[in-house]
Amino acid sequence: MSIFNLFRKPTSAPMARERLQVLLAHERAAQGSDLVAILREEILAAIAKHVQVDAEKVRIKVDRDEHVSILEIDVEIPRDAQAMAA
Amino acid sequence: MGKVLVVTSGKGGVGKTTSTAALGAALAQTGAKAVVIDFDVGLRNLDLVMGAERRVVYDLVNVIQGDAKLPQALIRDKRVETLYLLPASQTRDKDNLTPEGVEWVITELKKHFDWVICDSPAGIERGATLAMRHADVAVVVTNPEVSSVRDSDRIIGLLDSKTVKAERGERMEKHLLLTRYDVTRAQRGDMLKVEDVLEILSIPLLGIIPESADVLKASNVGAPVTLADAKSPAAQAYFEAARRLAGEELPVSMPEEKRGLFGKIFSRRAA
């Protein structure tokens, strides 16, 4: 990093990039493909049969690549719910 | 059997029509038979960009409604003899485009042409979905700008769900054409870089068309930029993109930075 960078104004492109990444992750999950929505519902229903899940504590992320998409579902399960199931 | 290519973007004004004309001409200049179809019923412009606006007699809607035969509506380019145009209707409504009619026209054209290139209207409504419906390959035209990237993402979603190919469970081949790119502004950090757009949209890159006065000059005189000024950087980028579409593997060249005398003197420090 050169000393000139200290006097440079902050650039706007990184902000554009970050805003887009956040927005599109949201939009893709919301209405992108029906398959994702169906999978999410069915997986959550399957978990809910055995433990209580708080809908607020579920994080869903879809990463799209040229060849594959990765569906990530993070479900937070409270300790007492686990005990209940056991 | 020819290949059907759709040039689409979601957002308007990003360069779909310019790119359709340039890619169509570039493919035809190599000797392939190409036809470009304007799907923007009611707001046709491909005829104007191609310099054929005074030669339009019949259009896509006339053919679909049976008022004209397909060969009667095709306009042969005066400069490249393997290039043809099927114009859109300027007076009719887009509701006159029927799915069956469009399918018939495309099936017929595929028999006689190597490339059937569909210039999609902006938006995600009927005209746009019909233009992409029968495509084998899609070129997604995007500007390095937030609203264009967002709309391209939406269009990619539609290409993967609403096309015949997608419905058959096949993979739609999609390519990114980044237009109006300004290397200087991207390097300065005030414009999304090629890598940023590629990472966000995750489809392979077909080409980078630099922001250039030559593109406007070409449309002023009614010629695809590959014909108007074949040596210009924009035309060169379109020629490369066309070769890639035809299956050639060649690296995408980055447009060069425009530098004045001062820029050249101070270029070391700026880098």
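Just so we're clear, the structure is a prediction, and the values are computed from it rather than from any experiment. Each chain has its residues counted from 1, running along the sequence as written. To read the labels, note that chains go from A and ligands from 1, taken in the order they are written. With the structure being a predicted model, the display of local features is reserved for residues of pLDDT at least 70 and the display and counting of side-chain atom pairs for 80 or more, all residues being used for whole-chain, interface and lining totals. Neither water nor hydrogens contribute to the side-chain values; these are computed over all heavy atoms in the structure.

### Side note on the overall build of chain A
Okay, so step 1: Comment: elements are numbered from the N terminus, with helices defined as DSSP H or I runs of at least four residues and strands as E runs of at least two. When helices and strands are tallied, chain A shows three helices and two strands.
Okay, so step 2: Put simply, chain A runs from its N terminus to its C terminus through helices and strands in the order α-α-β-β-α.
Okay, so step 3: Carbon and sulfur atoms provide 56% of the accessible area of chain A, an area that totals close to 7000 Å². Only the protein chains shown count as cover for residues, and the accessible areas themselves come from Shrake-Rupley with a 1.4 Å probe.

### Focus: the overall build of chain B
Okay, so step 1: Scanning chain B from N- to C-terminus turns up 14 helices and eight strands.
Okay, so step 2: Residues classed as buried in chain B amount to 55% of the 271 residues present.
Okay, so step 3: Any pair of residues with heavy atoms lying within 4.5 Å of one another is described as a contacting pair. By sequence separation, contacts in chain B at least 24 residues apart represent 74% of the contacts at least 6 residues apart.
Okay, so step 4: Total accessible area on chain B stands at roughly 12400 Å², and carbon and sulfur atoms take up 49% of it.
Okay, so step 5: Lys and Arg are tallied as positive, Asp and Glu as negative. Neither His nor the chain termini are counted. Charge positions are represented by NZ for Lys, CZ for Arg, CG for Asp and CD for Glu. Put simply, chain B has 37 plus and 37 minus side-chain charges, and the middle of one group is 3 Å from the middle of the other. Remark: exposure states derive from per-residue accessible area (1.4 Å probe, protein chains only) relative to the maximum for the residue type, with buried under 20%, exposed over 50%, and partly exposed in between.

### Regarding helix α13 (residues 233–245) of chain B
Residues and elements named next belong to chain B.
Okay, so step 1: To estimate the expected span of a helix, count its residues, drop one, and scale the result by 1.5 Å. The terminal C-alpha atoms of α13, which comprises 13 residues, lie 18 Å apart, in line with the 18 Å expected from a rise of 1.5 Å per residue.
Okay, so step 2: Taken as a whole, α13 has its buried residues at Ala234, Ala235, Ala237, Tyr238, Glu240, Ala241, Ala242, Arg244 and Leu245.
Okay, so step 3: Backbone geometry just after α13 places glycine 247 at a positive phi near 105 degrees.

### Here's the deal with unusual backbone geometry
Okay, so step 1: One non-glycine residue, B:Arg180, adopts positive backbone phi at about 55 degrees.
Okay, so step 2: If you trace the backbone, B:Arg180 turns up in strand β7 (residues 173–181).

### Considering the pattern of salt bridges
Okay, so step 1: We define a salt bridge as a contact between a side-chain nitrogen of Lys or Arg and a carboxyl oxygen of Asp or Glu at a distance within 4 Å. Under the definition given, this model contains 13 salt bridges over all chains.
Okay, so step 2: B:Arg168 is the partner of B:Glu170 in a salt bridge, and the nearest nitrogen-oxygen pair spans 3.7 Å.
Okay, so step 3: Its relative accessible area of 38% is what places B:Glu170 among the partly exposed residues.
Okay, so step 4: Linking B:Arg244 and B:Glu240 is a salt bridge whose minimum nitrogen-to-oxygen distance equals 2.7 Å. Here B:Arg244 and its partner B:Glu240 are both found in helix α13, four residues apart, which amounts to about one turn of the helix. Summarising the burial analysis for this pair, B:Arg244 and B:Glu240 share the class buried.
Okay, so step 5: One salt-bridge network, in which partners are shared between bridges, spans A:Arg17, B:Asp196 and B:Glu199.

### Regarding the pairing of strand β8 (residues 205–210) of chain B
Taken residue by residue, a regular strand's side chains alternate between the two faces of the sheet.
All names here are of chain B.
Okay, so step 1: Extensive coverage of β8 is indicated by the burial of six of its six residues.
Okay, so step 2: Criterion used throughout: strands pair if DSSP finds at least two bridges between them. Sheet analysis places β7 next to β8, joined by four bridges and oriented parallel. When the bridges of β8 are listed, leucine 178 appears paired with isoleucine 208.

### Some words on the sheet that holds strand β2 (residues 34–38) of chain B
All names here are of chain B.
Okay, so step 1: What the eight strands build is an open sheet, ordered β3-β4-β2-β5-β1-β6-β7-β8; its pairing is mixed. Single-partner strands in this sheet number two, and they are β3 (75–76) and β8.
Okay, so step 2: Looking at chain direction, β3 and strand β4 (residues 83–86) are connected through two bridges and run antiparallel. Counterpart to isoleucine 75 in the pairing with β4 is leucine 85.
Okay, so step 3: Axis definition: a line fitted to C-alpha atoms, limited for helices to the stretch in contact. Angles are taken between N-to-C directions and run from 0 to 180 degrees. Its contacts with the sheet place helix α7 (residues 146–159) against β1 (3–8), β6 (137–142) and β7, and it is angled at close to 165 degrees to β6.
Okay, so step 4: Contacting β1, β5 (115–119), β6, β7 and β8, α13 runs over the sheet at an angle of about 170 degrees to β8.

### With respect to a nonpolar patch on the surface
Residue and element names in this part refer to chain A.
Okay, so step 1: Like charges within 9 Å and nonpolar side chains (Val, Leu, Ile, Met, Phe, Trp, Tyr) within 5 Å are joined into patches, using only residues over 30% in relative accessible area that form no salt bridge. On the surface, Leu39, Ile43 and Leu71 cluster together into a nonpolar patch covering about 190 Å² of accessible area.
Okay, so step 2: Topologically, isoleucine 43 is positioned in helix α2 (residues 34–48).
Okay, so step 3: By relative accessible area, isoleucine 43 is classed as partly exposed at 33%.

### As for the packing of α7(B) against helix α10 (residues 194–201) of chain B
When two helices pack together, their arrangement is captured by the angle between the axes and the distance separating the axes.
All names here are of chain B.
Okay, so step 1: The N-to-C vectors of α7 and α10 enclose an angle of 35 degrees; their axes lie 10 Å apart at closest approach. With respect to the hand of their crossing, α7 and α10 are arranged in right-handed fashion. Seen from α7, the contacting residues are Val149, Ser152, Asp153 and Ile156; seen from α10, they are Val197, Ile200 and Leu201.
Okay, so step 2: A breakdown of the residues in the contact of α7 with α10 according to their chemical character gives five nonpolar, one polar and one charged. Working rule for handedness: look at the near helix, and if it is turned counterclockwise from the far one by less than a right angle, call the crossing left-handed; if clockwise, right-handed. All residues other than Ala, Val, Leu, Ile, Met, Phe, Trp, Tyr, Cys, Pro, Asp, Glu, Lys and Arg, Gly among them, are scored as polar; the first ten of these are nonpolar and the last four charged.

Geometric values such as these leave the question of function open.
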